[in-house]
Each structure stands twice: as structure tokens, then as C-alpha cells.
Number of protein chains: 2
Amino acid sequence: MSDMIKVVLDAMGGDYAPVEPVKGAVEALEANDRIFVYLTGQEAVLKKELEKYTYPKDRLEIVDASEIIETGEPPAKAIQTKKDSSLVKGLKMVREGKADAFVSCGSTGAVLVGGQVIVRKVPGVERAPLAPLIPTEKGFSLLIDCGANVDARSSHLVQFAIMGTIYMKHVIGIKNPTVGLVNIGAEEEKGNALSKETFQLLKQTEGINFIGNVEARDIPAGKADIIVTEAFTGNVILKLYEGLAGTLVKKIKQGLMSTLRSKIGALLIKPALKKTMKSFDASEYGGAPLLGLRGLVIKSHGSSDAREIKNSILQCVKFTEQDLPGMISANLSTKKKEKTEE
Amino acid sequence: MSDMIKVVLDAMGGDYAPVEPVKGAVEALEANDRIFVYLTGQEAVLKKELEKYTYPKDRLEIVDASEIIETGEPPAKAIQTKKDSSLVKGLKMVREGKADAFVSCGSTGAVLVGGQVIVRKVPGVERAPLAPLIPTEKGFSLLIDCGANVDARSSHLVQFAIMGTIYMKHVIGIKNPTVGLVNIGAEEEKGNALSKETFQLLKQTEGINFIGNVEARDIPAGKADIIVTEAFTGNVILKLYEGLAGTLVKKIKQGLMSTLRSKIGALLIKPALKKTMKSFDASEYGGAPLLGLRGLVIKSHGSSDAREIKNSILQCVKFTEQDLPGMISANLSTKKKEKTEE
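Starting from 1, residues in each chain are numbered consecutively following that chain's sequence as written. As they are written, the chains are lettered A onward and the ligands numbered 1 onward, keeping that order. Local features in a predicted model are, by the rule used here, given only for residues with pLDDT of at least 70; side-chain atom pairs are given and counted only at 80 or more, and totals for whole chains, interfaces and linings are based on all residues. Side-chain measures here rest on the full set of heavy atoms in the structure, leaving out hydrogens and waters.

Asks: Can you explain empty space enclosed by the protein? Please cite residues and give values.
Replies: Residue and element names in this part refer to chain B. Think of a 1 Å grid over just the protein atoms. A cavity is a set of points where a 1.4 Å probe fits yet cannot get out, a pocket is an open set with protein on both sides within 12 Å along at least five of seven lines, and lining residues have an atom within 4 Å of a point. Grid points are joined across faces, edges and corners, and a volume is the space filled by probe spheres set on the points. Going through the model one piece at a time under the given rule, you end up with two cavities of 30 Å³ or more. Computed from the structure, the largest cavity encloses a volume of approximately 40 Å³. The wall of the largest cavity is formed by Asp10, Met12, Gly13, Ile68, Ile69, Ser86, Leu87, Gly106 and Ser107. Computed from the structure, the second largest cavity encloses a volume of approximately 30 Å³. Residue classes in the lining of the second largest cavity are distributed as three nonpolar, four polar and one charged. Under the scheme applied, nonpolar residues are Ala, Val, Leu, Ile, Met, Phe, Trp, Tyr, Cys and Pro; charged residues are Asp, Glu, Lys and Arg; polar residues are all the others, including Gly.

Okay, here's the thing in C-alpha cells:
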């Protein structure tokens with residue numbers, strides 16, 4: 001089992017737990033025979049759920065956890081008090097080296113806090129950013145940071161650019177990915193205090209392909225592979241993406257029902273429209289990694305189905321094979337060293 | 001001419017100047033016979049352009065201005081040096097009381113700086129916010145602030161909420177408009193330092209209908225009539241709205257060309273789709289007012305056509321009739337007084 005990729009799945013997290021997580025785990029095992037899955041959660045419940053499937057029993061193990069962290073709970077307190085939850089137990093397995101990666105569709109706050117407190121940051125990392133892939137005209141971009149750590153400093157944003165570059169290069173496979181800084185104008189002198197300061201630092205940062213400021217209107221066009229921003233703005237961008245796409249589709253559907261002619265047309269375009277909207281659905285790209293930790297922690301959407309959970313588990317393979325935590329640590333320490341030497 | 005609404009139109013500003021501004025002015029004069037328009041710009045050019053139309057000559061006057069402020073110019077410098085520009089001359093007429101309102105499709109930066117420097121703020125106003133209407137599922141919301149004044153303080157945001165409420169009530173005609181604060185979570189304790197502080201202040205502010213935090217995903221759904229945020233985030237929201245809508249439509253069009261079936265469907269739905277997208281186009285709602293000034297300053301899109309410019313001019317009527325500057329001043333001084341008395 002030594003060269004297996006060991007992934008812990010929080011089988012009690014998410015809107016459709018445990019049904020979809022269990023199904024997703026089984027599908028991931030089918031898709032890649034180098035994966036071993038630990039399911040954390042209430043043993044009796046999970047055993048019963050697993051009875052539905054045929055799966056390689058030597059590559060799946062249930063780790064009993066009696067408690068469940070709910071979405072509404074204050075994250076820090078939940079992590080502290082619910083020691084026997086599927087989330088805390090799973091994260092501890094990564095910390096102790098028993099597993100390489102942890103995947104959850106549960107409370108974003110609890111995953112973020114738990115990741116930092118239990119798995120802990122790699123030496124040199126100031127903050128661990130949450131970095132989902134968002135769809136664009138050209139494919140997708142990495143939006144870093146969308147987490148809960150607001151009021152960031154420019155040094156954090158520089159680290160996000162470096163970590164994002166490593167992720168896009170080595171996990172997603174984009175050569176020399178471009179880095180853009182979210183700002184309210186394209187010119188160097190535009191923006192607030194944070195963006196002005198960050199711009200100057202990014203210009204001097206080695207090992208990244210910084211292309212300057214990116215206005216929000218250029219994000220959906222795919223102007224940069226890595227979109228660097230602090231978490232407040234990142235969160236606004238991510239959620240407006242979801243909200244606006246949903247509203248537009250609703251409006252278009254209403255519009256298509258307005259005349260007989262358009263109703264007939266609507267029937268004809270339905271399959272093509274569905275396919276298009278799917279290609280523009282952020283959740284198609286699996287979960288968002290919490291970068292800069294000693295192990296891999298992936299947050300999948302609360303509403304994830306088995307397919308998305310399977311994708312999140314498969315995502316862990318490349319991440320682990322490439323030793324991203326090691327790479328991040330090496331890159332950030334080098335940068336620090338360079339700075340000190342100047 | 002005493003009860004006329006006198007509007008200065010920057011006839012040289014915008015992508016289609018002077019053709020569309022001149023046409024828009026003529027259309028506005030036709031639409032409302034209480035409007036008087038001053039066109040600022042190069043007299044010879046404007047005279048020639050006006051020859052195309054029949055219009056009430058006693059309600060239109062050209063004010064010669066030899067210079068033009070271009071979009072790329074640094075705003076503060078342009079305002080200072082180009083004294084004989086259509087923009088500076090127009091704003092001066094508002095300052096001197098010769099006109100009630102100023103409309104421009106020119107450089108946003110120059111309009112923002114010029115508005116504050118030349119027309120000046122109403123007593124009590126700390127910052128003049130730019131507040132466009134953005135389309136939502138229910139109709140539209142006022143997004144305040146989208147200007148260039150970044151790094152705002154909580155007291156600024158409270159004033160935005162008050163000014164936005166006055167505008168939505170008295171100009172747009174919404175009774176008891178709801179106010180939402182852009183944040184990364186619905187709960188009171190969520191967000192960055194600025195949003196937490198602002199939340200507490202808004203809760204105590206009289207005369208506004210504060211409904212709490214609004215997450216970005218709820219903005220397109222129309223959760224609040226007035227969306228309060230500082231300018232950096234406001235700018236990101238406004239530009240992502242534009243960018244995402246454009247990208248989605250492009251994607252949908254591409255998708256519709258993918259099969260013969262969908263191509264036929266596309267032909268049938270074209271008129272309905274066009275109508276829908278138009279109802280979701282931010283530029284449909286005329287220009288964005290720069291609130292809190294001693295006169296009305298309206299920034300219309302750079303790409304405005306005659307219809308949009310006409311709408312921006314017509315918008316001035318209600319604003320002026322209601323004496324918004326006076327109302328804003330009265331409301332903000334009252335709030336200040338209350339605070340001092342505490």
C-alpha cells in the first residue's frame with residue numbers, strides 16, 4: 001500500500017451526505033486503482049450505504065466518527081469541541097501522515113479553520129488561501145484567495161501568486177501560467193493602498209509570470225490564468241459568478257417562454273444550451289484546494305454530487321505525486337532568503 | 001425660462017461624440033418641453049451637427065469650448081489645465097448656478113474629480129459616491145459606491161446608505177427602499193474590519209431600511225434596493241456584471257451554432273433572447289449620478305447612444321425638481337447633530 005494515494009473523505013459533510021460522498025468514493029476507486037479511500041463518519045450508516053455497491057474492499061476503510069459538524073456552527077468552536085467528528089478525525093489523519101489528502105463538502109469555515117489548525121501550514125506560509133477554479137471563455141482560471149481570512153497584507157498576496165503558480169503548473173499542467181492582480185483599472189498607479197503596494201511587489205517577484213492588473217470585466221474573458229486578490233474581493237467575485245449566471249439563465253428561460261415562436265425554438269436549443277451552461281458551471285472543476293498546508297485539503301461544494309466528489313478525490317493524485325507542500329515550502333523560503341540578502 | 005430645467009450636456013464626451021450627444025439632446029427636448037439644453041463643445045462642429053435636426057431653438061444653446069478631455073488623460077491634471085474644455089466649462093455652469101445639471105459620457109475619472117473640485121460637495125458630505133443602477137431579477141438596484149475613491153471609512157458607507165435612500169425614494173420612486181451591505185456572509189459578525197464596523201453603524205442609522213448583509217450571489221436576485229459598498233468592491237461588482245453577461249451571451253451563441261437543430265432553434269429565439277438581454281443591460285437605465293454634490297452630475301456610459309443620453313437628460317428633471325442636494329444636506333446635518341448630542 002506504500003505507493004497508494006491515501007485520501008480521507010468526510011462522508012458526513014455536504015447537502016447530500018452520506019449518499020453522494022459514498023457513491024463518489026466508490027466511483028473514484030473504480031477510476032484509479034492507485035487510490036485508497038478512508039471514509040470518516042458514523043460506521044453503521046456508512047456500512048449500510050456501502051451495501052449498495054460492489055467495490056474493491058482492500059482499498060476502502062471506514063473510520064468511525066460519531067459527531068457531525070453542521071454548516072451553521074461557528075467553525076473554531078466546532079473544531080475545538082467536536083473531536084469525534086468526521087471532519088476533525090479526517091484532518092487529523094492527514095496531520096499524522098496516515099493519509100495524504102482530505103476532501104470535504106461540509107462547512108467551508110470548519111474546513112478552513114480545521115485545515116490551518118489541525119493540518120497546519122507549511123513553514124514560510126503566512127496564510128493558507130482557498131483557490132477554486134472558475135470558468136472563463138478560454139477554459140478556467142484560478143481565483144486565489146476566496147477564503148475567510150480577510151484584511152490581507154500585500155505579502156500574503158505575493159505568496160498567493162507564488163502558490164497559485166505552482167498549483168497551475170504542476171497540478172493543472174499549464175506552462176508558464178499568467179498572474180493578474182484584481183484592480184479597478186489597468187494602469188500601475190490605480191487602486192487602493194493594498195493593490196498599489198502589491199503591484200510593486202509582484203513586479204519584483206521571481207518565478208511568476210505577472211501580467212499586471214486585471215479589471216473584473218476581464219476575468220470572465222480569461223485574461224489571466226491566476227487571479228490574485230484578497231479574500232473579501234475573491235469571495236465577492238466567486239459568489240457574483242454563481243449568482244449572475246443563475247439569474248441570467250432564469251431570465252433567458254423566462255424570455256424564451258414569451259412567444260410561441262421562441263417556445264418552439266427553446267425546445268430545439270435545449271440540449272445545446274444545457275451543454276453550454278454546464279461548461280460554465282464552476283462546480284464542474286472539482287473542489288477548491290486550501291493551499292500552503294502540510295497536506296492536501298480540498299473543499300468541494302456543499303451541493304456536490306458523486307461525480308464532483310469523485311473529481312475532487314482524483315484531483316488529489318497529482319497534487320500528492322508532485323509533493324506540492326514541499327515545492328511551496330522550498331519556493332517561499334527561497335523568496336524569503338533572497339529578500340534578506342538584498 | 002425660470003421654471004425650466006437647465007441641463008448642460010458635454011457634447012464632446014464619449015465614444016460617439018458629437019453625433020450621439022447632439023442627437024440625444026434633440027430627442028430630450030422633444031420628450032419634455034420643460035428642458036433647456038446647453039451643449040458645450042466646439043461651436044463650429046456642433047452647429048454643423050445640429051443642422052441635421054429640427055428642434056426648438058429657444059431651448060438649446062451652444063456654449064463654445066475649444067478643448068476636449070480624452071479618456072486616457074490623468075483626471076486631476078486634465079481638469080486643472082484644460083480650462084476651456086467642454087467638461088470643465090459645463091461643470092462650471094452648474095457651480096455658478098447657470099445650469100441645474102451636467103451630463104457627460106466622457107472620462108469617468110475627469111467627471112468624478114471635476115464634480116468634486118468644481119461643483120463641490122454639499123455641506124456635511126464626506127465623499128461623493130458614483131451610484132449606477134444595475135439590473136436584477138426584480139428590476140434594478142442602486143450600487144453605491146462605484147467611483148474612484150477607494151479605502152473608504154465606515155462613516156462614508158453610512159452616508160452612502162442615506163444618500164442612496166434619498167435618491168431611490170425621491171428620484172426613482174421606491175417607497176421605503178431596502179439597504180443591504182455587501183459582505184462575505186449573511187451573519188452580523190462576518191466580514192472584514194470595515195464591514196463589521198459599518199454593519200453596527202447602519203443598524204443605528206435612522207431613516208434607512210437596513211436589512212443587513214447581502215452576499216454577492218444575492219445581488220443579481222435583487223435582495224436589496226440599495227447595495228452599499230466601498231468603491232473598490234463596487235467597481236469589481238459593476239465590471240464583473242458587464243464582463244460575465246457578455247461572456248455568457250458569447251458562450252450561448254457559440255453553443256447554439258454547434259448543431260443543425262440548435263441553429264434552427266437559434267433563429268427562432270433570436271428576437272426573444274435579444275429582448276431579454278436588453279432588459280439585463282446596465283446601460284438601459286441611463287447614467288449614474290454622482291451624489292452629494294451642490295448640483296447634479298451624471299456620468300453616462302462612454303459608449304452611450306442618443307437614447308441613453310436622452311434618458312440621462314430626462315433623469316435630471318426629477319432630481320432637480322425634488323432639490324436632492326438640499327435634501328441630502330438636511331439629512332446628513334441632522335444625523336451629525338444627533339451624533340454630537342449623544
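There's plenty left to go through after this.
Asks: Now, about helix H9 (residues 260-279) of chain B: what can you tell me, with residues and values included?
Replies: Helix length check: H9(B), at 20 residues, gives a terminal C-alpha distance of 28 Å against a target of 28 Å (1.5 Å per residue), a fit within 8%. The reported bend at a residue is simply the angle between two axes, fitted to the 7 residues ending at it and to the 7 residues beginning with it. By definition, any uninterrupted DSSP run of H or I lasting at least four residues is a helix, any uninterrupted run of E lasting at least two residues is a strand, and each is numbered from the N terminus. Largest kink in H9(B): about 55°, centred on Ile269(B), with the proline Pro271(B) one to four residues after it. Here a helix's expected span is defined as the number of its residues, less one, multiplied by 1.5 Å.

Asks: Please set out the interface of chain B and chain A residue by residue, giving values where relevant.
Replies: Counting from both sides, the interface comprises 52 residues of chain B and, opposite them, 52 residues of chain A. Between chain B and chain A, roughly 4,800 Å² of surface is buried when both sides are summed, and carbon and sulfur atoms account for 73% of that area. When a carboxyl oxygen of Asp or Glu lies within 4 Å of a side-chain nitrogen of Lys or Arg, that pair is called a salt bridge. Remark: the boundary between chain B and chain A carries six salt bridges. When residues of the side of chain B that touches chain A are traced back to their parent elements, those giving at least two are helix H7 (193-204), helix H8 (231-256) and H9 of chain B. For the side of chain B that touches chain A, the leading source of residues is H8(B), giving 19 residues. The contact definition used throughout considers only heavy atoms, calling two residues in contact when any of these lie within 4.5 Å. Buried area adds together the accessible area that both of two parts lose upon being put together, with accessible area traced by a 1.4 Å probe.

Asks: Hey, could you go over the packing of aromatic side chains for me, with residue numbers and the actual values?
Replies: All names here are of chain A. Pairing of aromatic rings covers Phe, Tyr and the six-membered ring of Trp, with a centre-to-centre limit of 6.5 Å; geometry is then stacked below 30 degrees between planes, edge-to-face above 60, and tilted otherwise. All told, the structure shown has six aromatic pairs over all chains when counted by the stated rule. Here the aromatic rings of Phe199 and Phe210 are separated by 5.2 Å at their centres, their planes lie at 70°, and the arrangement is edge-to-face. Taken as a pair, Phe199 in helix H7 (residues 193-204) and Phe210 in strand E8 (residues 209-214) lie far apart in primary sequence, eleven residues in all. Like Phe199, the residue Phe210 is buried in the burial classification. Only when the NZ atom of a Lys or the CZ atom of an Arg is both within 6 Å of the ring centre and within 35 degrees of the ring normal do we say a charge sits over the ring. Taking NZ or CZ as reference, Lys57 lies 4.5 Å from the ring centre of Tyr55, over its face. The rule is simple: take the accessible area with a 1.4 Å probe, protein chains only, and divide by the maximum for that residue type; under 20% is buried, over 50% is exposed, in between is partly exposed.

Asks: Let's hear about the relation of the copies chain B and chain A: which residues, and what values?
Replies: Least-squares fitting of chain B to chain A yields an RMSD of 0.1 Å, with the superposition described by an axial translation of 0.0 Å and a rotation of 180°. The transformation relating the two chain copies, once decomposed into turn and shift, fits a two-fold axis. Nearest to the rotation axis, the C-alpha of Gly265(B) is located 2.1 Å from it, this being the minimum over chain B. Mapped onto chain A, 100% of the interface residues of chain B are again interface residues, and the two copies thus contact each other with one and the same surface. For the least-squares superposition of copies, only C-alpha atoms count, and only for residues with pLDDT at least 70 in both.

Asks: Tell me about the packing of helix H6 (residues 154-172) of chain B against helix H10 (residues 306-321) of chain B, residues and numbers included.
Replies: The relative placement of two packed helices comes down to the angle between their axes together with the axis-to-axis distance. Residues and elements named next belong to chain B. Working convention: axes come from line fits to C-alpha atoms, limited for helices to the stretch in contact. Angles between N-to-C directions cover 0 to 180 degrees. Where H6 contacts H10, the two axes come as close as 9 Å, and the packing angle between them is 105°. When the interaxial angle is binned, H6 and H10 end up roughly perpendicular. Judged by residue contacts, Tyr167, His170 and Val171 of H6 engage Gln315, Lys318 and Phe319 from H10. Each residue belonging to the contact of H6 with H10 can be placed in one class, and the counts come to three nonpolar, two polar and one charged. Angle categories: roughly parallel below 35 degrees, roughly antiparallel above 145, roughly perpendicular from 65 to 115, and oblique for all the rest.

Asks: Let's hear about the sheet that holds strand E8 (residues 209-214) of chain B: which residues, and what values?
Replies: All names here are of chain B. By the convention used here, strands pair only if DSSP detects at least 2 bridges between them. Sheet architecture is open: five strands sit in the order E5-E6-E9-E7-E8, paired in mixed fashion. At either margin of the open sheet sits one strand with a lone partner, and together these are strand E5 (133-135) and E8. Neighbour to neighbour, the strand axes of the sheet diverge by 30° on average, direction disregarded. Where E5 meets strand E6 (residues 140-144), three bridges bridge the pair, whose relative direction is antiparallel. Within E6, the residue paired with Ile134 across the bridge is Ser141. Sheet strands in contact with H6 are E5, E6, strand E7 (178-182) and strand E9 (226-228), and its direction is about 145° off that of E6.

Asks: Describe the side chain of Gln159(B), with residues and values.
Replies: Residue and element names in this part refer to chain B. Among the secondary structure elements, Gln159 is positioned in helix H6. Classification of Gln159 as buried rests on a relative accessible area of 7%. The definition of a polar contact used here is a pair of N or O atoms within 3.5 Å, where within protein one atom must be able to donate a hydrogen and the other to accept one, and adjacent residues in sequence count solely through side-chain atom pairs. Within polar-contact distance, the side chain of Gln159 engages the backbone oxygen of Gly124 at 2.8 Å. Look past the residues within four positions of Gln159 in its chain and what remains in contact with it is Gly124, Val125, Glu126, Arg127 and Leu332.

Asks: Go over the packing of helix H6 (residues 154-172) of chain A against H7(A), please, and point to the residues and values.
Replies: All names here are of chain A. Interhelical geometry of H6 versus H7 gives an angle of 50° and a closest axis separation of 9 Å. With respect to H7, the axis of H6 lies oblique. Here H6 runs over H7; the crossing is right-handed. Between H6, through Ser154, Ser155, Leu157, Val158 and Ala161, and H7, the contact on the second element is made entirely by Leu194, Glu197, Thr198, Leu201 and Leu202. Per-class residue counts for the contact of H6 with H7 are six nonpolar, three polar and one charged. By convention the crossing between two helices is left-handed if the near helix lies anticlockwise of the far one by an angle smaller than a right angle, and right-handed if it lies clockwise.

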